[in-house]
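# Survey of secondary and tertiary structure
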Amino acid sequence: MKKILVCGAGGFIASHLVRRLKREGYWVRGADQKPPEFSPTAADDFQVLDLRHEQACRAALAAPGGGTFDEVYQLAADMGGMGFIHSAECEIMFNSGLINAHMTRCSAQAGVKRYFFSSSACVYRDMHKDEAELSEEQAYPALPDNEYGWEKLYAERMAMAFGRRYGMAVRLARFQNCYGPEGTWRGGREKAPAALCRKIAEAADGGSIEVWGDGTAMRAYTYIDDMIEGIIALIHSNLENGVNIGRQEYVSVDELAYLIAEIAGKKVRLKHVSGPVGVKARNFRAARMESIGWKSRLSLREGLSRTYPWIERQVLATRGGKSMVVCAG
Ligand code: NAD
């Protein structure tokens, strides 16, 4: 049976990934500094480890029966939405840098055959909203808008270097903004779709919510199920170097907020306030993923129609001082 290690398995994307890999029938170990928050892990074995340390990476990579993991998915990172990325640049570069340095080298030295790394659309420069979509090689000459993007770019290069020296097949996904049930929805690390769902769930019909910036920044969002299918397709492909995974459905922040309000069945007014916004636009091609048969299937409306009710349930469950967490249905 194939043995798989998923790092960051206490987090949003990797906990969904573990569930998907278990459905394939693989033996899966999850590793993270904390277990998943919203439902029990589906992994056969879950190790609570601080992966910034070499010994912790070696412990995670010690496969049962003394063998080697066939595949490692590295999704552990100190990360969050724009608010976090702008306020925690030192933590991001230091913590994620250490995790990636140790996990990449330890995996290569352990003889892992396939190594997946979750990079980000943040490796690209800022864009104007009407600019043509960027393809992967246009990450160079590099000019990421934030330190999170620079750390991802460096980690990509490090993984490729270790892959070359040790004969480890490295697959690098540049994720677009991903959303869905069981993603962080409060606490300062949440991303725009979850933050807006929460604000709208908390708002009265006819009330107002605060939106950072002037609401014109353009983004595209990818539903979690599409992202997971992309990860699986990419690791088993022969696509080398960075590969974009994302849906090409572009909306402004204001359009996103109004769409969520419509799904919630509420009328809300948007109050624009100053706050970290990030790049003006981020348009990228998914032609390489499409060349291996992947395509995003869920529209933004469909994805938000699955996400909003989950966040609304979290909001209702935590009202009145209750700290109960409701699992996704
Ligand atoms: P997440 O924060 O939900 O998951 C990351 C996990 O890493 C968390 O569970 C966290 O506890 C764990 N982690 C952090 N530091 C650790 C440490 N020292 N030791 C062990 N575990 C540690 O984030 P996510 O949204 O699931 O993102 C997963 C990956 O995808 C990350 O690498 C992220 O940068 C990348 N990514 C995500 C998005 C997105 O929109 N969610 C977009 C681009 C890239």
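Here is a short report on the structure shown in this document. Please read all numbers here as calculations on a predicted model, not as lab measurements.

## As for the site of the ligand
Near the ligand you find 27 residues, and of these I13, D32, Y148, K152 and C178 are the closest. A distance of 3.4 Å is found between a nitrogen atom of the ligand and a backbone nitrogen or oxygen belonging to L49. Take L51: an N or O atom from its main chain is 2.9 Å from a nitrogen atom of the ligand. Compared with its free state, where it exposes 820 Å², the ligand has 94% of that area covered by protein. Residue assignment for the shell around the ligand shows that the elements contributing at least two residues are α1 (12-23), β5 (114-120), α5 (147-166) and β7 (177-179). Ranked by residue count, the leading element in the shell around the ligand is β5, at three residues. Here the residues of the shell around the ligand are counted per class, giving 12 nonpolar, nine polar and six charged.

## Some words on the packing of aromatic side chains
This structure, assessed with the given rule, holds seven aromatic pairs. When the ring of F38 is compared with that of W310, the centres are 4.9 Å apart and the planes differ by 90°; the resulting orientation is edge-to-face. On the criterion of sequence distance, the pair formed by F38 in the loop between β2 (27-32) and β3 (45-48) and W310 in helix α10 (residues 300-318) is long-range, its members being 272 residues apart. F38 gets classed as buried once you look at its relative accessible area, which sits at 7%. Residue class for W310 comes out buried when judged on its relative accessible area of 2%. An aromatic cluster is present here, built from Y73, F116 and F175 joined pairwise through their rings. Over the aromatic face of F84 sits the side chain of R189, whose NZ or CZ is 4.0 Å from the ring centroid.

What counts and what doesn't
- Residues numbered from 1 in each chain as written.
- Predicted model: local features only at pLDDT ≥ 70, side-chain atom pairs only at ≥ 80, totals over all residues.
- Heavy atoms only, no water.
- Near = heavy atom within 4 Å.
- Polar contact = N/O pair within 3.5 Å; in protein donor to acceptor, adjacent residues only side chain to side chain.
- Areas by Shrake-Rupley, 256 points an atom, 1.4 Å probe, with all protein chains shown as cover.
- Helix = DSSP H or I, 4+ residues; strand = E, 2+ residues; numbered from the N terminus.
- Nonpolar A, V, L, I, M, F, W, Y, C, P; charged D, E, K, R; others polar.
- Phe/Tyr/Trp six-rings, centres within 6.5 Å; stacked < 30°, edge-to-face > 60°.
- Buried < 20%, exposed > 50% of the residue type's maximum accessible area, 1.4 Å probe, protein only.
- Lys NZ or Arg CZ within 6 Å of the ring centre and 35° of its normal.

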